[in-house]
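Listed below, chain by chain, are the residues.
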Amino acid sequence: MLISVVKNLAGSLWSTIAVVVIISTIAVAISVSAFGLRVSGGLALYFVIWWILLFAVLPFGIRSQAETGEVVQGSEPGAPVLPELREKAIWTTLVASVVLVIAAAVFPLAGL
């Protein structure tokens, strides 16, 4: 069910941007209000987590041109056919939000 919701939300650039901004704002607000982070610290931590997770999520579901047999002349055969970057941005945002809240909750336990 969540997969179909993400596919629908990734239908346009503007809906993808809206989802990413809304979920990111909620995650940073939770980490700031519940766990005592500053806004700048929450944004910085979220930014780092989001970019690291983006590079972890990018390879999922990728099929190369060589695997599908649709190699475009003049391009790399290993290039992806459909990278689905909008969906991956939403998935990255969802996972990064959860990781941010967990990290912010663990900071006081670690004495940070």
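Residues numbered from 1 in each chain as written. Predicted model: local features only at pLDDT ≥ 70, side-chain atom pairs only at ≥ 80, totals over all residues. Heavy atoms only, no water.

Looking at an unreviewed UniProt entry, one finds the protein chain named DUF1467 family protein, with Microvirga mediterraneensis as its source organism.

(A) Main features of the pattern of salt bridges. Evaluation of the coordinates by the stated rule reveals one salt bridge. Here Lys7 and Glu87 are joined by a salt bridge, their closest N and O atoms 3.6 Å apart. Separated by 80 residues along the polypeptide, Lys7 in helix α1 (residues 2-9) and Glu87 in helix α5 (residues 85-110) bring together distant segments of the chain. Under the relative-accessibility criterion, Glu87 is labelled buried at 16%. (Salt bridge = Lys/Arg side-chain N within 4 Å of Asp/Glu carboxyl O. Helix = DSSP H or I, 4+ residues; strand = E, 2+ residues; numbered from the N terminus. Buried < 20%, exposed > 50% of the residue type's maximum accessible area, 1.4 Å probe, protein only.)

(B) Spotlight on the packing of helix α2 (residues 13-35) against α5. Contact pair α2 / α5: the axes reach a minimum separation of 9 Å and the direction vectors enclose 0 degrees. One element, α2, and the other, α5, form an angle in the roughly parallel class. Residues Leu13, Thr16, Val19, Val20, Ile23, Ser24, Ala27, Val28, Ile30, Ser31 and Phe35 of α2 pack against Arg86, Ala89, Ile90, Thr93, Leu94, Ser97, Leu100, Val101, Ala104 and Ala105 of α5. Looking at the contact of α2 with α5 residue by residue, the class counts come to 15 nonpolar, five polar and one charged. (Axes fitted to C-alpha atoms, helices over the stretch in contact; angles between N-to-C directions. Parallel < 35°, antiparallel > 145°, perpendicular 65-115°, else oblique. Contact = heavy atoms within 4.5 Å. Nonpolar A, V, L, I, M, F, W, Y, C, P; charged D, E, K, R; others polar.)

(C) Local environment of the packing of helix α3 (residues 39-57) against α5. Two numbers describe how α3 lies on α5: the axes approach to 8 Å, and their chain directions differ by 130 degrees. Between α3 and α5, the angle falls in the class oblique. The handedness of the crossing between α3 and α5 is right-handed. Residue-level contacts link Gly42, Leu45, Tyr46, Ile49, Trp50, Leu53, Leu54 and Val57 of α3 to Lys88, Ala89, Thr92, Thr93, Val95, Ala96, Ser97, Val99, Leu100, Ala103 and Phe107 of α5. (Left-handed = near helix turned anticlockwise from the far one by under 90°.)

(D) Highlighting the packing of aromatic side chains. Under the defined criterion, the tally for this structure stands at three aromatic pairs. Considering the side-chain rings of Phe47 and Trp51, the 6.2 Å spacing of their centres and the 65 degrees angle between planes classify their relative orientation as edge-to-face. With a gap of four residues between them, Phe47 and Trp51 both fall in helix α3, about one helical turn apart. Accessibility expressed as a relative area gives 37% for Trp51, which makes it partly exposed. When the ring of Trp51 is compared with that of Phe55, the centres are 6.2 Å apart and the planes differ by 35 degrees; the resulting orientation is tilted. Taken together, the positions of Trp51 and Phe55, both in helix α3 and four residues apart, correspond to about one turn of that helix. (Phe/Tyr/Trp six-rings, centres within 6.5 Å; stacked < 30°, edge-to-face > 60°.)

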